[in-house]
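Listed below, chain by chain, are the residues.
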Amino acid sequence: MKQIAVLGYGVVGSGVVEVLEKNSENIGRKAGDQLKVKYILVRRSFLGDPNEEKMVQDFNTIVNDPEVAVVVEAMGGIEPAFSYVKASLEQGKSVVTSNKELVAEKGAQLLGIAREHHVNFLFEASVGGGIPIIRPLHQCLAANEIDKIEGILNGTTNFILTKMIKEGMGFHQALSIAKELGYAESDPTADVEGLDACRKICILASIAYGKHIYPRYVHTEGITKLTGEDVEYAQEWGGVLKLIGQFIRREEGASILTAPRLVPLESQLATVDDVFNGILVQGDATGDVVFYGKGAGKLPTASAVVADVIDCAKRRDTVKTLYWEDCQENIVCDYMEEPVRAYLRFQGVPGRELVLETFQGCQELRRSQQPKTETALVTPMMKEKEIWEKIEFLKEKGACLLGMVRVLENN
Ligand code: HSE
């Protein structure tokens, strides 16, 4: 029998305990041994909970127990999660986590420690919830150079955008439903301001690029500035608004951006709605491969965690393909130098003619009940810094920029 300890008993932790118990026979068969939850680390008491007798409040009970073979970290945040994960690996215990913040900040270091101690640090659930993406990326696609990854990586914001676009629901109402359904982070700012999606694309990009890419170097925008008017113009253009994490391999480094994008309806990502995530991976040998499924929620996430626990239980040594080097320097390309098309919405003087003249070759967009003082367009392809220079010029003439969303090119 293999003993498991679960750190945290929130949405993910309780889901992991539930799945391990509910499917124990099947899981035991696949793991080649029975898996049993011995401890659950909690901060407060859960009186009357069916798992109450397994609950402990002192991490030392877990780390000092030689019977514990696998530790599941489901606490979130950097500390104390990092110290607990590090100590567990150093004690020769494998660790499974769903904590994207931890992996995005400390992944290279923890993978290195796991390697030194011949154990595993696995984090399938940290990206895409229940969708298998980490293992396919480092194992099934191992023969490829990964040239591009782009995806809808945050279930909460995709849920909110879908409700806003399809049902005309307000932002705050949609967010509160996402919280009730267990999709949102404890502080949903990380969801709506794009940080969660940024951490996830950094994890995928680190696997693809072989070097740690830190979220602090990645330009990140959330969905809080998008309006119903932007949605209408997007429809008029023939697209939808989606929060996209994107990685492109360039000769000079990694091009990475997390931001809302105008996604053409022909893109496979355009129809990924609600809490679903969709991730397109472009390998030099495979071409495009698309992954799709529930990106958040108790049981989809628990499914990915438990699969990693099974993997840890079976393995005698560290998985060699899941590894990247640490790299403190900034290897992310300057997004201002990237060629891009963008949707822009202006209000006020100087008026339509000057706006259209400034962005020569642009495509003007119209919407119902458009005020005379409003001009919307999609620019031709140009460096992002040139777009901002033109915006600055128009601002000096009295125009006010109401919206800017980059187009996601469908190639
Ligand atoms: N808050 C995250 C999301 C949870 O909405 O995608 C899954 O990582």
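Structure's up top.
> Talk me through the overall build of the chain; I want residue IDs and the actual numbers.
On a plain count of helices and strands, the chain comes out with 14 helices and 18 strands. The C-alpha radius of gyration of the chain comes to 23 Å, within 12% of the 22 Å expected for a compact globule of 411 residues. Across the 411 residues of the chain, 56% fall into the buried class. Considering only intrachain contacts with a sequence separation of at least 6, the fraction spanning at least 24 residues in the chain is 73%. Looking at the chain as shown, the accessible area adds up to about 17,300 Å², and 47% of this sits on carbon and sulfur atoms. The positive charge centre, built from 46 side chains, and the negative charge centre, built from 58, are 3 Å apart in the chain.

> How would you sum up the environment of Val-263? Please name residues and give values.
Relative to the helices and strands, Val-263 resides in strand E10 (residues 253-264). Taking relative accessible area as the criterion, Val-263 reaches 0% and is therefore assigned buried. Considered as a pair, Val-263 and Leu-408 are 145 residues apart in the sequence and their alpha carbons are 5.2 Å apart. Those residues in contact with Val-263, other than ones at most four positions away along the chain, are Trp-237, Gly-238, Gly-239, Val-240, Lys-242, Ile-244, Leu-269, Ala-270 and Leu-408.

> So, the packing of helix H1 (residues 11-22) against helix H12 (residues 298-314): which residues are in play, and what are the values?
One can describe the packing of H1 onto H12 by two numbers: an axis separation of 8 Å at closest approach and a directional angle of 65°. In terms of their interaxial angle, H1 and H12 are classed as roughly perpendicular. As H1 packs across H12, the resulting crossing turns out to be right-handed. Contacts between H1 and H12 involve Val-11, Val-12, Ser-14, Gly-15, Val-16, Glu-18, Val-19 and Leu-20 from the first element and Lys-298, Leu-299, Thr-301, Ala-302, Val-305 and Val-306 from the second. Considering only residue class, the contact of H1 with H12 consists of nine nonpolar, three polar and two charged.

> So what's going on with unusual backbone geometry? Residues and values would help.
Each neighbour pair has its own omega, and for Glu-79 with Pro-80 the value is 5°, a cis peptide bond. One non-glycine residue, His-118, lies in positive phi territory at about 55°. Relative to the assigned elements, His-118 resides in the loop between helix H5 (100-116) and strand E6 (121-122). Phi at Gln-369 takes a positive value of approximately 55°, unusual for a residue other than glycine. Among the secondary structure elements, Gln-369 is positioned in the loop between strand E15 (363-365) and strand E16 (374-378). Judged by its relative accessible area of 75%, Gln-369 falls in the exposed class.

> Can you break down the nonpolar core residue by residue, with the values?
Formed by 110 residues in total, the largest nonpolar core has its most connected members in Ile-62, Phe-121 and Ile-149. No other element matches helix H10 (residues 195-209), which puts nine residues into this core. For Phe-121, the contacting residues outside a window of four places in its chain are Val-85, Leu-89, Val-95, Thr-97, Val-103, Gly-107, Leu-110, Leu-111, Ala-114 and Leu-322. Residues Phe-346, Val-355, Leu-356 and Ile-391 belong to the second largest nonpolar core, which totals 15 residues.

> Please set out the site of the ligand residue by residue, giving values where relevant.
Looking at the ligand, the residues that line it are Lys-100, Asn-154, Gly-155, Thr-156, Tyr-183, Ala-184, Glu-185, Asp-191, Asp-196, Lys-200, Gly-295 and Ala-296. Separating an oxygen atom of the ligand from a backbone N or O atom of Gly-155 is a distance of 2.8 Å. Thr-156 is positioned with one of its side-chain polar atoms (N or O) 2.6 Å from an oxygen atom of the ligand. At the level of secondary structure, the elements contributing two or more residues to the shell around the ligand comprise helix H7 (155-167) and H10. In terms of residue class, the shell around the ligand is made up of three nonpolar, four polar and five charged.

> Please provide a residue-by-residue account of the side chain of Lys-100, values included.
Within the secondary structure layout, Lys-100 lies in helix H5. Among residues more than four places away in sequence, those in contact with Lys-100 are Ser-126, Glu-185, Asp-196, Arg-199, Lys-200 and Ile-203.

> Break down the sheet that holds strand E1 (residues 2-7) for me, citing the residues and quoting the values.
On the basis of which strands lie adjacent, the open sheet formed by six strands has the order E3-E2-E1-E4-E5-E6 and parallel pairing. Edge strands, defined here as strands with exactly one partner in the open sheet, are strand E3 (55-56) and E6. Sheet analysis places strand E4 (residues 68-73) next to strand E5 (residues 94-97), joined by four bridges and oriented parallel. Among the inter-strand pairings, Val-70 is bridged to a residue of E5, identified as Ser-94.

> Please give an account of the pattern of salt bridges that cites residues and values.
Tallied over the full model, the rule gives 34 salt bridges. With a shortest N-O distance of 2.9 Å, Lys-100 and Asp-196 are connected by a salt bridge. Note that Lys-100 is positioned in helix H5 and Asp-196 in helix H10, a separation of 96 residues in sequence. Residues Lys-320 and Asp-317 are paired through a salt bridge, measuring 3.8 Å at the closest nitrogen-oxygen approach. Salt bridges here are not isolated pairs; linked through shared partners, they connect Glu-124, Arg-135, Asp-308, Asp-311 and Arg-315.

What counts and how
- Residues numbered from 1 in each chain as written.
- Predicted model: local features only at pLDDT ≥ 70, side-chain atom pairs only at ≥ 80, totals over all residues.
- Heavy atoms only, no water.
- Helix = DSSP H or I, 4+ residues; strand = E, 2+ residues; numbered from the N terminus.
- Rg over C-alpha atoms; globule rule 2.2 N^0.38 Å.
- Buried < 20%, exposed > 50% of the residue type's maximum accessible area, 1.4 Å probe, protein only.
- Contact = heavy atoms within 4.5 Å.
- Areas by Shrake-Rupley, 256 points an atom, 1.4 Å probe, with all protein chains shown as cover.
- Lys, Arg positive; Asp, Glu negative; His and termini not counted.
- Charge placed at Lys NZ, Arg CZ, Asp CG, Glu CD.
- Axes fitted to C-alpha atoms, helices over the stretch in contact; angles between N-to-C directions.
- Parallel < 35°, antiparallel > 145°, perpendicular 65-115°, else oblique.
- Left-handed = near helix turned anticlockwise from the far one by under 90°.
- Nonpolar A, V, L, I, M, F, W, Y, C, P; charged D, E, K, R; others polar.
- Core = buried A, V, L, I, M, F, W, Y, C linked by side-chain atoms within 4.5 Å.
- Near = heavy atom within 4 Å.
- Polar contact = N/O pair within 3.5 Å; in protein donor to acceptor, adjacent residues only side chain to side chain.
- Pairing = 2+ DSSP bridges.
- Salt bridge = Lys/Arg side-chain N within 4 Å of Asp/Glu carboxyl O.

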